[in-house]
Amino acid sequence: KLLEVYLDNDVDEKNRTASTTAGFLDSQLTMITQDLETIEINREKYKVDKGIIDLQSESKLVLESMQELDVQKAQNNARLGLIGQLERYVSQNNDLRDLAPAALDISDPLLIKLINKLSELQSQRELIVNRSTVNDPLLVPLNAEIELTRSSLLEVIRNIQKGLQRKDSELNESMREYKGRIQRIPTTERELLEIERRFKIQESLFVFLLQKRAELSITLAAAKSDNRLIDGARLIPGPVSPVPGRAYSMALILGLLIPTLIIFAKEKLDDTVKDLPTIRRLLPLPVIGVVRYSKDASPLVAINKPRSFIAEEYRTIRTNLGFMRKADALADVLMVTSSVSTEGKTFTAINLASILASTGNRVVLVGLDMRKPRIEENLGLSNEAGCSTYLSGSSVLDEVIFPSGHSETLSVLPSGPVPPNPSELINSSRMKQLIDELSTRFDKIVIDTPPIGLVSDGFILAPYSDTIILVVREGVSRKAHLRNLKELCDSGKLTNAGIVYNAAGVRNLRYGYPGAYGYAYGNDSTYGSYFDDESAPQKGKA
């Protein structure tokens, strides 16, 4: 609708200009028509009174020449009248937007250009006044330019007026010459010719104005806007944007894509071990057990809750270790280690030793992690004497072996006070003497060692061990650590080694491994008769 009104207003502006010019021409035509009627009445009366029928040929030739001059003079006078009226119009500071330059019958290009320019400036001024106020600062330079253009236009009008006046003087001079010739024509005939001449002059001027009026009528009838509507507005039943279907599709795609990318990036940036297949791929050793994550504050799960799931998992490890035992060994020496700390090697050593002792085997738990001893704290034993005092020669074996207080067949050899040189003590001759003497007294020797990826103590103890248990913890052990352990196994520094997967999540408890069974708990209520720990898996959990 806005565009429709805009186009109609454009046409109305053009029609208003043409209508104003047409009104000016109509007033001129009215006056000339009255003059023609008066002349025609006088001519008829004169002919009747004088009885005149025709003029002589010579008189006609003179009359035709005289008439031609009269026509030129009439046109010149008309132009003088129009240019004079235009001068008064401009001098009175009238609005020129409604005046058509073509109606003045003056083809001076500078005059037309200045009229159009002044009309355009007046339109700009009216637009600013309508949009703002008469005190708008933008009107100051515009008013100055309007006055300058008006002055230039008046100067051009006066120059044109002077030219027309000169031409009028020339025509008057020519007419005086012809009037002298007419004096020779008889008075009666001359008077008739004078009447005819005035009639012809007014008639030619009448025709001229009629022609201009017809041209304006055609312009008025054919007026149309200079602008065109290429594509009209269309009514669309729904919103153009956002399109609901597209928005929902994009939301669904982004809702799936963004979490997928986040999970993918997290998996790629997370270098920790998350499942058994990754362990088997990076460290191709036998998996002798999978232990779930324990929520108990105490690490003595197998001792405090012998019928728990974790205790049962350590029994599975005990069974699998039987297949890895060397037949000719006097006692089974098990070294529990890991690549770094916090992977649960001390937790594994304590619970594995308690499970081994529960079958009646004489088991000793040896704390050879003399840098960060933890066994004594977990079992509530004194650490004033232990491996460090024995290896340094300050104590004898009977002075450093203590009962665990939880099982009659489980003894503990604490780490002792932290020495300044743990590696040198472990590498001394008393280390072999300690293992040999313990082998004569116990069936199973479980050694808790420092992380093998951080210090060299584990490499020194490896030759004394029959089986090496590498603890790998889910979410803690890194893939790079497993690659390092593989290099140690490939180089022969670690032999007869197996993996205990510690703190495994639900999905990894469902994986089986060689020599053991796989976990896949369902909703069988009979499991309640086998396990008594409060963490027993419910439906959908493990």
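Calculation criteria
Along every chain, residues carry numbers that run from 1 in the direction the sequence is written. Reporting in this predicted model follows two pLDDT cut-offs: at least 70 for local features of residues, and 80 or more for side-chain atom pairs to be given and counted; totals over whole chains, interfaces and linings ignore these cut-offs and use all residues. Only hydrogens and water are set aside; all other atoms, that is, all heavy atoms of the structure, feed into the side-chain values. Working definition: with a 1.4 Å probe on protein chains only, accessible area under 20% of the residue-type maximum means buried, over 50% means exposed, and in between means partly exposed. Helix and strand definitions follow DSSP, with helices as H or I runs of at least four residues and strands as E runs of at least two, each counted in order from the N terminus. The pairing criterion for strands is at least two bridges between them, as found by DSSP. When checking whether two residues touch, look at their non-hydrogen atoms; a contact exists if any pair is within 4.5 Å. Here an angle of 0 to 180 degrees is reported between the N-to-C directions of two axes, which are lines fitted to C-alpha atoms, with helices fitted over the stretch in contact. Helix span is expected to be 1.5 Å times the residue number reduced by one. Buried Ala, Val, Leu, Ile, Met, Phe, Trp, Tyr and Cys residues that are joined via side-chain atoms within 4.5 Å together make up what is termed a nonpolar core. Polar contact criterion, stated in full: a pair of N or O atoms within 3.5 Å, where within protein one must be able to donate a hydrogen and the other to accept it, and residues adjacent in sequence count only if both atoms are side-chain atoms.

Glancing now at the pairing of strand S6 (residues 444-448). Among the five residues in S6, five count as buried, and that is most of the element. Alternating positions in S6 separate into two faces, Lys444, Val446 and Asp448 on one and Ile445 and Ile447 on the other, with burial throughout. Two elements, strand S3 (residues 363-367) and S6, share five bridges in a ladder whose sense is parallel. When the sheet's bridge partners are listed, Leu365 is paired in S6 with Val446.

Even without glycine at this site, Asn496 takes up a positive phi of about 50°. Its place among the elements puts Asn496 in the loop between helix H17 (479-490) and strand S8 (497-504). Although it is not a glycine, Ala503 sits at a positive phi angle of roughly 55°. Examined against the element boundaries, Ala503 turns out to sit in strand S8.

Ordered in space as S1-S8-S7-S2-S6-S3-S5-S4, the eight strands form an open sheet in which the pairing is mixed. The open sheet has two free edges, formed respectively by strand S1 (287-292) and strand S4 (402-403), since each of these has just one partner strand. For strand S7 (residues 467-473) and S8, the ladder comprises six bridges, and the chain directions are parallel. Residue pairing across strands places Val472 opposite Tyr501, the latter belonging to S8. Packed on one face of the sheet, helix H9 (residues 309-324) meets S1, strand S2 (332-338), S7 and S8 and runs near 175° to S1.

Our focus in this paragraph is helix H3 (residues 109-131). Given 3.6 residues to a turn, an α-helix orients residues that are three or four positions apart in the same direction. Taking 1.5 Å of rise per residue, the 23 residues of H3 would be expected to cover 33 Å, and the 33 Å separating its terminal C-alpha atoms lies within 8% of that figure. Residues Leu111, Leu114, Ile115, Leu118, Ser119, Leu121, Gln122 and Ile128 constitute the buried set of H3.

The biggest cluster of nonpolar side chains holds 48 residues, and the ones touching the most others in it are Val366, Leu413, Leu438 and Leu494. When neighbours within four sequence positions are excluded, Val366 is seen to be in contact with Ile375, Cys387, Leu413, Leu438, Ile445, Val446, Ile447 and Asp448. Of all hydrophobic cores here, the second largest spans 32 residues; its members include Tyr314, Leu321, Val363 and Leu379.

With that settled, consider the environment of Asp168. Summarising the element assignment, Asp168 is placed in helix H4 (residues 139-182). We classify Asp168 as buried; its relative accessible area is 14%. When neighbours within four sequence positions are excluded, Asp168 is seen to be in contact with Lys73, Asn76, Asn77 and Leu80. At 2.6 Å, the side chain of Asp168 and the side chain of Lys73 are in polar contact.

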